[in-house]
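Breakdown of the fold
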Amino acid sequence: MSVNKQNQSEIEKEAAAKTAVSFVRDNDIVGLGTGSTAKFAIEELAKLVNNGLKIIGVASSIKTEELAVSLGIPMQELGKTSHIDISIDGADEFSETLDLIKGGGGALFREKIVASLSKNRIIVTDSSKKVEKLGAFKVPIEVIPTAYQYVVNELEKLNGIVNLRYKEGKIFISDNNNYIVDVDFGLIDKPQKLSESLNQIDGLLAHGLFVSLTSKIIMAKDGQLFTFSK
Ligand code: 5RP
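Remember, predicted model here, so these are calculated numbers, not experimental data. (Residues numbered from 1 in each chain as written. Predicted model: local features only at pLDDT ≥ 70, side-chain atom pairs only at ≥ 80, totals over all residues. Heavy atoms only, no water.)

1. Concerning the sheet that holds strand β13 (residues 209–210)
Read across the open sheet, the 3 strands follow the order β4-β5-β13; overall the sheet is antiparallel. Of all the strands in the sheet, just β4 (93–94) and β13 have a single pairing partner and so form its edges. Pairing analysis gives 2 bridges linking strand β5 (residues 100–101) to β13, with the strands arranged antiparallel. The residue of β13 that forms the bridge with L100 is F210. (Pairing = 2+ DSSP bridges. Helix = DSSP H or I, 4+ residues; strand = E, 2+ residues; numbered from the N terminus.)

Quick look at the structure:
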């Protein structure tokens, strides 16, 4: 990406994130996403908290937990949370049907739990994430290491091309001590159907197809904001 495009994308991410934060109310329990777009939302929320807004955050990753705590946001453990009022997270791809691919940062499992617990699920993105059909971005899938080869076999039966994720020359290990595989299914005609098939695989902890888990997408493009909702 050229420097100009990169700057543009950061400006868009920040604008979308700040708009999403305006939907947070006093006393809300707020699900905090992971990634560079969610980071803008967390920073904006922290400013409001320091000016007196009362919220409790619930993090979707260790990195997000550390950031939120460092900025002074009161936090509650995800495992002890039964309800989230509003969550703000990013996405790697989205379509106008509000289906998403998430997990580029490897936080998909906790992100999915946060989204599932949330009443109002807001996704914030720059304009590069909008696609006609999901699937150019490979679907991240979290796999329990003991089941690795079994899960790979099952994914190949679904015509997936499986790549084990590495970071800095080592196998990437998720916050939950699992592997992430990035799976190329080609362009996905039926996200719901693929999601259901993936949900059947034992040893597959979570996949990055988020279907019916989004209330609203806020996207910034060329200084304008666009909202997608059902
Ligand atoms: C992390 C995610 C992120 O939301 C997704 O990768 C988007 O990241 P960014 O906002 O940095 O573009 O799903 O697991």
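2. Re the confidence of the model for the protein chain
Confidence in the prediction of the protein chain, expressed as mean pLDDT, is 97, and 99% of residues score 70 or more. Scoring of the predicted complex yields 0.96 for pTM and 0.98 for ipTM. (pLDDT = per-residue confidence, 0-100.)

3. With respect to a nonpolar patch on the surface
Residues Y166, I171 and I173 make up a contiguous nonpolar surface patch of about 280 Å² in total accessible area. Mapped onto the fold, I173 is located in the loop between β10 (170–171) and β11 (179–184). (Patch = residues over 30% accessible without salt bridge, like charges linked within 9 Å, V, L, I, M, F, W, Y side chains within 5 Å. Areas by Shrake-Rupley, 256 points an atom, 1.4 Å probe, with all protein chains shown as cover. Salt bridge = Lys/Arg side-chain N within 4 Å of Asp/Glu carboxyl O.)

4. Some remarks on helix α6 (residues 191–199)
Residues of α6 that are buried: P191, L194, S195 and L198. On an axial view of α6, the arc spanned by its buried residues comes to 100 degrees, and they lie on one face. Lining the buried residues of α6 we find β7 (139–143), α5 (148–157), β12 (204–207) and β13. (Buried < 20%, exposed > 50% of the residue type's maximum accessible area, 1.4 Å probe, protein only. Arc of directions from axis to C-beta. Contact = heavy atoms within 4.5 Å.)

5. Here we look at the sheet that holds β7
Across the sheet, 4 strands lie side by side as β8-β11-β7-β12; this open sheet has antiparallel pairing. Of all the strands in the sheet, just β8 (161–164) and β12 have a single pairing partner and so form its edges. Across the sheet, the mean angle from the axis of one strand to that of its neighbour is 30 degrees, orientation sign disregarded. Bridge analysis of β8 against β11 gives 4 bridges, and the strand direction is antiparallel. The partner of V162 across the bridge, within β11, is V183. In the packing of helix α4 (residues 108–117) onto the sheet, the strands contacted are β7, β11 and β12, and the crossing angle to β12 comes to about 65 degrees. (Axes fitted to C-alpha atoms, helices over the stretch in contact; angles between N-to-C directions.)

6. What to know about the pairing of strand β1 (residues 29–32)
What you see with β1 is no split at all: I29 and G31 on one side and V30 and L32 on the other are buried throughout. Bridging between β1 and strand β2 (residues 56–59) involves 4 bridges; their strand directions are parallel. Bridge pairing links I29 to I56 in β2. For the crossover that starts at β1, traverses helix α2 (residues 36–50) and ends in the parallel β2, the hand is right-handed. (Right-handed = clockwise from strand over helix to strand, strands pointing away.)

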